[in-house]
Amino acid sequence: MVCRSRERGQKAMQDIQKKVPEADLHLHLADLSLMANVRELAQELSSTYPVIDVLVNNAGMMPGLQKLTVEGWEVSWATNHLAPFLLTNLLMDSLLAAPQGRIINVTSEAHRLGQIDFEHAGMAKKYSAVTAYADSKLANIYFTYELARRTEFTPLTVNCLHPGVVATNFGKTSNFFIRTAMMLGRLFMKSAAGGAQTSVYLASSPEVEQISGKYFKNKKQTRSGNDSYNSHIARRLWDLSAEQTQFTS
């Protein structure tokens, strides 16, 4: 597991251990909003795990007021999009070493509200927490589809999913209106276990071992927003993301 907080990560490990006593768990710490930390993490993971069967890019956040990282990127763009783009690419050798590696990107139905502004991506001039989140979730899907095309002739599969609206602490650092909406809606949200079902399905089910470059909801393949299938934008976003993360293949 990769967590930002040692305390919360250890608590999660204890909860897992109670249910699965034989689980062999390891905790790695990183702030995924910082590409320098992502690079250190990737080096640590690739040396510790020369073969990685499944990578689930699940970290996500929706800030309130606009916040830039010390590296200069809007924090949700950095955490939600640049981090999985860079980490996945840096772990590619370990993923390709698996007999049938799987990459799973957790996105959101909010992607349907997003758009990629190539001039201001990661540095929005007119900022909205919801818009920034939606843009980053659309970027997750473009990244998924483009990476699936680039790994087409390998055993690796790449898929993305909408987990549903889940009753976790998501959005607790956002603005008052988003925090209030999340609090009032908790009765109608999925549990954390329910929200994880599609991720677990994509990580473990033999039904999807030959499926790549698709979008899933409730363990079923479905269509993402029409704009997300524009391969020209996907390739252009790949190049921009590589430039912003200073990644060279």
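A few points on the structure. Note that the coordinates shown come from a computational prediction; the quantities given were computed from them, not determined experimentally. (Residues numbered from 1 in each chain as written. Predicted model: local features only at pLDDT ≥ 70, side-chain atom pairs only at ≥ 80, totals over all residues. Heavy atoms only, no water.)

**Points about unusual backbone geometry**
The general pattern is negative phi for most residues beyond glycine and trans for most peptide bonds.
Part 1 of the reasoning: A positive phi angle, near 50°, is found at Asn218, a position not held by glycine.
Part 2 of the reasoning: Take Asn218: it is sitting in the loop between β6 (215–217) and β7 (220–222). (Helix = DSSP H or I, 4+ residues; strand = E, 2+ residues; numbered from the N terminus.)

**Points about the pairing of strand β5 (residues 157–162)**
Part 1 of the reasoning: With 6 of 6 residues buried, β5 lies mostly within the body of the structure.
Part 2 of the reasoning: By the alternation rule, side chains of β5 split into Thr157, Asn159 and Leu161 and Val158, Cys160 and His162, which are all buried.
Part 3 of the reasoning: Direction of pairing for strand β4 (residues 102–106) relative to β5: parallel, over a ladder of 5 bridges. Along β5, the bridge assignment pairs Ile104 with Asn159.
Part 4 of the reasoning: With 3 bridges joining them, β5 and β6 adopt parallel strand pairing. Looking at β6, one finds that Cys160 is bridged to Tyr215. (Buried < 20%, exposed > 50% of the residue type's maximum accessible area, 1.4 Å probe, protein only. Pairing = 2+ DSSP bridges.)

**Here we look at the packing of aromatic side chains**
Part 1 of the reasoning: Tallied over the entire structure, the rule returns 6 aromatic pairs.
Part 2 of the reasoning: The lysine or arginine in question, Arg150, covers the ring of Trp238, its NZ or CZ lying 4.0 Å from the ring centre.
Part 3 of the reasoning: For the cation-ring pair, Arg236 lies above Phe118, with the distance from its terminal atom to the ring centre recorded as 4.0 Å. (Phe/Tyr/Trp six-rings, centres within 6.5 Å; stacked < 30°, edge-to-face > 60°. Lys NZ or Arg CZ within 6 Å of the ring centre and 35° of its normal.)

**Thoughts on a nonpolar patch on the surface**
Part 1 of the reasoning: Together, Met1, Ile16 and Val20 give the surface a local cluster of nonpolar side chains, amounting to about 200 Å² of exposed area.
Part 2 of the reasoning: Turning to its location among the elements, Ile16 is positioned in helix α1 (residues 6–19).
Part 3 of the reasoning: Residue Ile16 is classed as partly exposed on the basis of its relative accessible area, which comes to 31%. (Patch = residues over 30% accessible without salt bridge, like charges linked within 9 Å, V, L, I, M, F, W, Y side chains within 5 Å. Areas by Shrake-Rupley, 256 points an atom, 1.4 Å probe, with all protein chains shown as cover. Salt bridge = Lys/Arg side-chain N within 4 Å of Asp/Glu carboxyl O.)

**Comments concerning the pattern of salt bridges**
Part 1 of the reasoning: As enumerated under the stated definition, the model contains 5 salt bridges in all.
Part 2 of the reasoning: Between Lys11 and Asp15 there is a salt bridge; the shortest N-O distance is 3.0 Å. Linking Lys11 with Asp15, this pair stays in helix α1, spanning 4 residues, or about one helical turn.
Part 3 of the reasoning: Taking the relative accessible area as the measure of exposure, Asp15 reaches 31% and is therefore partly exposed.
Part 4 of the reasoning: Measuring nitrogen to oxygen at the nearest pair gives 3.1 Å for the salt bridge that ties Glu146 to Arg149. Here Arg149 and Glu146 lie together in helix α5 (residues 129–150), a separation of 3 residues that amounts to about one turn.
Part 5 of the reasoning: What emerges from the salt-bridge pattern is a single network uniting Glu109, Arg112 and Lys217.

**Brief notes about the packing of helix α3 (residues 75–90) against helix α8 (residues 231–245)**
Part 1 of the reasoning: For the pair α3 and α8, interaxial distance at closest approach is 10 Å and the crossing angle is 90°. When the axis of α3 is compared with that of α8, the two are roughly perpendicular. Where α3 approaches α8, its residues Trp77, His81, Leu82, Phe85, Leu86 and Asn89 are matched on the opposing element by Leu237, Trp238, Ser241, Ala242, Gln244 and Thr245.
Part 2 of the reasoning: Grouping the amino acids of the contact of α3 with α8 by side-chain chemistry returns 7 nonpolar, 5 polar and no charged. (Axes fitted to C-alpha atoms, helices over the stretch in contact; angles between N-to-C directions. Parallel < 35°, antiparallel > 145°, perpendicular 65-115°, else oblique. Contact = heavy atoms within 4.5 Å. Nonpolar A, V, L, I, M, F, W, Y, C, P; charged D, E, K, R; others polar.)

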